[in-house]
Amino acid sequence: MAFLELNADDIKALRELHAELERAPDTLTQQFYAHLRRFPDLDRLIQAHDVERLHRSQAAHFSSLTAGTYDRAYAESRQRVGSAHQRIGLAPEWFLGAYRKYLAALLPALWETYSAQPARFQRALEALLKALFLDVGLTLDAYFEADKKAIVAERERSDQVVKIFRATSLAVGSEFLSSLAKELADVLGVEYAMVSTLDDAEFSQASTLTVVHCGQSEPNFQYDLEGSPCASVLRKGVCVYPSGVQALFPMDAALRQMQLECYAGIPLHTRTGMPIGVLAVFGNRPLADPARAARMLEIFSLRAETELEHMRIEADAADSMAQFRSAFAQAGVGMLHVSTDGTVLRANARAARLLGADPTDLAGRNIEVYLPLSGLAQMLAQLRQSDEPLALEPVAPNCRKADCLLQISVSLVRHAGNCHYFQLVLDDISARRRLEEARRLHRRALDNSPSGVLIIDAGRPQRPVVYVNQALQSMSGYSEAELLACDAGLLYSLAEDQDRVEEFRLAISERREARAELHQIRKDGSFYWTDTLLSPVPDETGLVTHFVVIQTDITQTKQAQEQLAFSATHDALTGLPNRTLLADRLHQAALHAHRHGGLMALLFIDIDQFKVINDGYGHEAGDCLLVEIAQRISSALRAEDTVARYGGDEFVVVLGDLTDTSRVKCICSALLQVISQPFVLSGQEVNPTASIGVAILPLDTADPTALYRYADMALYRAKDLGRANFQFFSSELNARLQERMALEAALRCALRSDGIRVEYQPIVDLCTGRAVGVEALARWTDRHLGVVTPDRFIRVAEECGLISDLGRRILQLACRDLSHWLAAGRTAMQISVNVSVRQFREADLIEQVSAALELAQLPPELLCLEITESVMLQDTQANETTLRRLKELGVSLAMDDFGTGYSSLSYLKRLPFDKVKIDRSFVRDLAVDPGDAALVRSIISMAHDLGIAVVAEGVETVEQCRFLKRHGCDLIQGYLFSKPLPADAIETLDAEGRCLTCPLESEAAP
């Protein structure tokens, strides 16, 4: 210790430090072992021993380092530690590193103890370093001495090993182990030797690989290790029990049965140090040289371990080969081994099926026979550069149909560093490709679906949105990123109607389907309607993993439905309630009147002469007038009153909550005033007027529906009184209504029973004075009603829709009578028949005329159809088509009531009329009214310029006749020549040859 200058002051300082360390918790040992166990080799050495014992021993070692006693006993203990370390394989560098770790861990504790006394810290550190160097020196001396002894022992062992192994060099495996055991027993002079292996990792059982007794092999057996000397060997290492082994291990019954006295054994380890068995000798006599037995066991154990390792490797190789062959044969993919020149070495059954070949035919054939592979040399060069398998493009095998697609992976198998062969792995990806294509198709279908698609993950607590398609993005106005950042709550937040949303919440929680129409909000705040279907998506086990939400934009459908609903209860033109809604409002107003004892009024409003305005200015202008009048009526009423368009130019007003009729009169006056305000149509100012009929509930009737009929009667009374006024219903009007109803019923009966007859008014040629034609006029005499004038029944026929039937009947009768006249040899004269507006619009008009002519067998030029001027003012293109078809039939056409409408004279130029008939209203006063005279002259002149004949109606005086003749009128008709006559009277008139005499003033007698 002199060379270290370890003096008494150092020892004192170390003892003071020792006292401080003893009072502190022992953390140095734990830190020390934690550091050692970071290194795998040291960790295995530590695990092979009793760790707790090692901890206690190391703690005592560290404690003695600062105890201050450094005598011979201290030096010998340090040398023993060094020898032990050398024996277990702890190299000197690990030992030095351990001391460095100890010092590094001790310094913080040392500084903490003496931080306030730097001088003491320095003195204690110097003393500690001296003690450490002393300790290290003593331990290294032990390493050096152990190495010398090891060299001598190694030489002795080498000589012995050479001698013994020379005798066993030709044997391998079990035979070698048996020879080794015989030699070991012979060398040590014992009866028994054995080599055994462990059956489990818990060291509870072992099985012998060879057992030798007196030079002869015995059967192998299995034995329990617990309580046996072999268990002690596995725990402690080499164990030699020269005698009394039965007493030492009383639980081992085999020792007693074999009457053994001595035992020596050594554990056998793998190259990594793991115990795998025991090499042991035992005999019936005490062991002569225990030390020699230990050395021989060490020598023989090395060779035994080598052979056991070799046997284990061979067994593992055989097992691996068996596993490989099994895996190769049973692999779910096709596997082939192909030489570098392309020859198939081996193939499994799966590969044969994929290639469409027999497994026995594949070996020895070139791979290109079965697969379109080329460039094996290039593949070989590429694989030499990398250990990664080479994935080829999917191909179809040569011997299979094209729908089989193989994914091929090629790897290079090397042996001893040389390229041995190719390994090809074939995977049939046909179904996968079809599945992928189906998935791509499904994805494209979802992406391009016109309906919005939203997929929710049902397996995660937040139920996030995992997919949205473009349609949903466009529909909602949100981007894909915004929608994917949401969860199932998105379905709720976009909907305005939370009551319907609750159904979807329940459906998601109950894992079921739900469907509803949702009123939703776009990102920009606008609203839209969707038909939303939520469906659960289960996996193959039935567990719902997702929800798919399909939303179809039904905004337009909803708007159409709302429009339809509105249209069902409102007039399309004016937007006013229609008859359906009117009936409901009337019912509610009647209930209110009954409940509160008040009055309720129904006003029937009809626009006067609207037909003239509509025909004169066209339907579009008429519609504009109706819309304006609807607005005017609405503006004159209270908000709680109802105004409805009843049809055509008719409006109905329901006035409720009335106490007397005075308010009704005020409202009627106000309505007449607002309606009559000027209105501009086609650049011209018109002053529409209206007639109003009023019925009061309950004064006139307690039945709300009867109010229509009563108000309608009052309306007709207002019209009869000159229009532009209002009339209340009265009992007198009711009587008139009953009369009209009776007239309608009688007219229907007359049409069915041939009660309608025809009279004819002659049409006279002014040049000859003779009748050249007749106009057929309807007449009716009822047995109860007597003679009914045409103005009465024709009006009823128009109102109740019988006018077409009446016109068809007159056409048939007129053609029949003319046929009779011709058959009787009378003069062929043209017969004129009036065609009403409704009859002219009928699609089968041409067929009606043709059928009447054919039935009477008349030439078509003897029939003239008179069509009122007002017909021409509507749908002129269709009218022109109908007129030309009639002309093609061969009949003559006359424009009736010419001059009364608002038509342009250009119609005459474009339409195929043969005649115009000047209305009687212009003829009546032409002798005294210069305006009428001028108009008639103009009509005659214009018609003649167009090559159209002119007929004047209502000629009753000689003055009228002379005026018309003087100005070139072609034909006249009127009482001047004859009133309308029955058919037989026309025959008489023709037979008499009656002639009209109408000389001009210059021709008259003086």
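Residues numbered from 1 in each chain as written. Predicted model: local features only at pLDDT ≥ 70, side-chain atom pairs only at ≥ 80, totals over all residues. Heavy atoms only, no water.

1. Some thoughts on the overall build of the chain
In plain terms, the rule: By the criteria applied, helices consist of DSSP H or I runs no shorter than four residues and strands consist of E runs no shorter than two, each listed in order from the N terminus. The cut-offs for exposure are 20% and 50% of the maximum accessible area for each residue type, with area from a 1.4 Å probe on protein chains only; residues under the lower value are buried, those over the upper are exposed, and the others partly exposed. Throughout, a residue-residue contact means that at least one pair of heavy atoms, one from each residue, lies within 4.5 Å. Note on areas: these come from Shrake-Rupley sampling with a 1.4 Å probe, and a residue is covered only by the protein chains present in the view.
For the chain, the helix and strand inventory stands at 37 helices and 33 strands. Classification of the 1006 residues of the chain by burial places 44% in the buried group. When contacts within the chain are restricted to residue pairs at least 6 apart in sequence, those whose partners lie at least 24 apart make up 59%. Split by element, the accessible area of the chain, about 50900 Å² in all, is 52% carbon and sulfur.

2. Quick word on the sheet that holds strand β19 (residues 642-647)
The criterion, for reference: Two strands qualify as a pair provided DSSP detects at least 2 bridges between them. Think of each axis as a best-fit line through the C-alpha atoms, taken over the contacting stretch in the case of a helix, with angles from 0 to 180 degrees between the N-to-C directions.
Reading across the sheet, the five strands line up as β19-β20-β18-β23-β24 and stay open at both edges, with mixed pairing between neighbours. Of all strands in the sheet, those bounded by a partner on one side alone are β19 and β24 (726-728). Between one strand axis and the next, the sheet turns by 20° as a mean value, whatever way the strands run. Contacting β18 (599-607), β19 and β20 (650-658), helix α24 (residues 619-635) runs over the sheet at an angle of about 10° to β20.

3. Notes on the nonpolar core
For clarity, the threshold we go by: Residue types Ala, Val, Leu, Ile, Met, Phe, Trp, Tyr and Cys, when buried and joined through side-chain atoms within 4.5 Å, form a set referred to as a nonpolar core.
Counting residues in each nonpolar core, the largest one holds 84 residues, and the members touching the most others are Tyr760, Leu865, Leu964 and Ile972. The element that contributes the greatest number of residues to this core is helix α29 (residues 803-823), accounting for nine residues. Core analysis: the next-biggest nonpolar cluster, separate from the first, contains 34 residues, Leu625, Leu658, Val686 and Ile696 among them.

4. What about helix α25 (residues 662-675)?
To keep it simple, the criterion reads: Every helix has an expected span of 1.5 Å times one less than the residues it contains. Working note: the arc is built from the helix axis to C-beta atom directions.
The terminal C-alpha atoms of α25 lie 20 Å apart, and with 14 residues this matches the ideal 20 Å at 1.5 Å per residue to within 8%. Here α25 has its buried residues at Val664, Ile667, Cys668, Leu671, Leu672 and Ile675. Along the long axis of α25, the arc covered by the buried residues comes to 135°, so they all point the same way. Projecting away from the buried face of α25 at angles above 90 degrees are the exposed residues Cys666 and Gln673. For α25, the elements touching its buried residues are β18, α24, β20, β23 (690-697) and β24.

5. A short note on the state of the cysteines
For the record, the criterion: The definition used for a disulfide is geometric: two cysteine sulfur atoms within 2.5 Å.
A complete count under the given rule lists zero disulfides for this structure. The thiol of cysteine 239 is not disulfide-bonded; the next cysteine sulfur, from cysteine 230, is found 9.7 Å away.

6. A word on the pattern of salt bridges
Using the following cut-off: What counts as a salt bridge is simple: a side-chain nitrogen of Lys or Arg found within 4 Å of a carboxyl oxygen of Asp or Glu.
Overall, the coordinates contain 31 salt bridges when judged by the stated rule. The shortest N-O distance in the salt bridge between arginine 638 and glutamate 640 comes to 3.7 Å. On the accessibility criterion, glutamate 640 (57% relative accessible area) is exposed. For the salt bridge of arginine 884 with glutamate 880, the shortest nitrogen-to-oxygen distance reads 3.3 Å. Of this pair, arginine 884 and glutamate 880 both sit in helix α32 (residues 876-889), separated by four residues, roughly a single helical turn. For glutamate 880, a relative accessible area of 15% puts it in the buried group. Through salt bridges with shared partners, a single network forms among Glu775, Glu866, Lys917 and Glu953.

7. Quick word on the pairing of strand β9 (residues 344-347)
In this sheet, β9 lies alongside strand β8 (residues 334-338) in antiparallel orientation, the contact comprising three bridges. If you follow valine 338 over to β9, its bridge partner there is valine 344. Taken together, β8 and the strand that follows it, β9, pair antiparallel across an intervening segment of five residues, in which glycine 342 is found at a positive phi of about 100°.

8. Looking at the pairing of strand β13 (residues 452-457)
Burial analysis of β13 places six of its six residues in the buried class, which makes it a mostly covered element. Where burial is concerned, the two faces of β13 agree: the one with Gly452, Leu454 and Ile456 and the one with Val453, Ile455 and Asp457 are both buried. In this structure, β13 lies alongside strand β14 (residues 465-468), joined through three bridges in antiparallel fashion. In the sheet register, isoleucine 456 faces β14, and the bridge partner there is valine 465.

9. Quick notes on the sheet that holds β14
In space, the five strands of this open sheet follow the order β14-β13-β17-β16-β15, with antiparallel pairing throughout. Of all the strands in the sheet, the pair left with one neighbour each is β14 and β15 (514-521). Neighbour to neighbour, the strand axes of the sheet diverge by 25° on average, direction disregarded. Here helix α21 (residues 555-569) sits on the sheet and contacts β15, β16 (527-538) and β17 (544-553); the angle it forms with β16, its principal contact strand, is near 125°.

10. A word on the side chain of threonine 270
Put simply, the rule is: Pairs of N or O atoms are called polar contacts if they sit within 3.5 Å, as long as, within protein, a hydrogen donor faces a hydrogen acceptor (for residues adjacent in sequence, only side-chain-to-side-chain pairs).
Here threonine 270 is to be found in the loop between β6 (262-269) and β7 (275-283). In this structure the side chain of threonine 270 is engaged in a polar contact, spanning 2.9 Å, whose partner is the side chain of threonine 272. The contact partners of threonine 270, leaving out residues within four places of it in the chain, are Ile276 and Glu309.

11. Structural notes on the packing of aromatic side chains
How we decide: Between 30 and 60 degrees the pair is tilted, below 30 it is stacked and above 60 it is edge-to-face, where a pair is any two Phe, Tyr or Trp rings, Trp via its six-membered ring, whose centres lie within 6.5 Å. Note on criteria: charge over ring means Lys NZ or Arg CZ within 6 Å of the ring centre, with the direction from the centre no more than 35 degrees off the ring normal.
Applying the stated criterion to the full structure yields 11 aromatic pairs. A centroid spacing of 5.3 Å and a plane angle of 20° characterise the contact between tyrosine 192 and phenylalanine 282, whose relative ring orientation is stacked. Here the residue tyrosine 192 occupies a position in strand β1 (residues 192-198), and phenylalanine 282 occupies one in strand β7, the gap between them amounting to 90 residues. By the ring-pair criterion, three or more aromatic residues cluster together here, those being Tyr192, Tyr241, Phe249, Tyr263 and Phe282. Note that arginine 994 overlies the ring of phenylalanine 977, its terminal NZ or CZ placed 4.8 Å from the centroid.

12. Details of the packing of helix α26 (residues 706-720) against helix α27 (residues 731-752)
To be explicit about the condition: Here roughly perpendicular refers to angles of 65 to 115 degrees, roughly parallel to angles under 35, roughly antiparallel to angles over 145, and oblique to all remaining angles. Basically, the charged four are Asp, Glu, Lys and Arg, the nonpolar ten are Ala, Val, Leu, Ile, Met, Phe, Trp, Tyr, Cys and Pro, and anything else, Gly included, counts as polar.
Where α26 contacts α27, the two axes come as close as 9 Å, and the packing angle between them is 95°. In terms of orientation, α26 and α27 fall into the roughly perpendicular class. Between α26, through Arg709, Tyr710, Met713, Ala714 and Arg717, and α27, the contact on the second element is made entirely by Leu733, Asn734, Arg736 and Leu737. Grouping the amino acids of the contact of α26 with α27 by side-chain chemistry returns five nonpolar, one polar and three charged.

13. Examining unusual backbone geometry
Here the amide bond leading from leucine 697 into proline 698 is cis, since omega sits at 10°, within 30 degrees of zero. Following the sequence through the fold, proline 698 ends up in the loop between β23 and α26. Here the phi dihedral of aspartate 897 falls at roughly 55°; this positive angle occurs in a residue that is not glycine. Position of aspartate 897 among the secondary structure elements: in strand β30 (residues 892-898). Given the relative accessible area of 22%, aspartate 897 is considered partly exposed.

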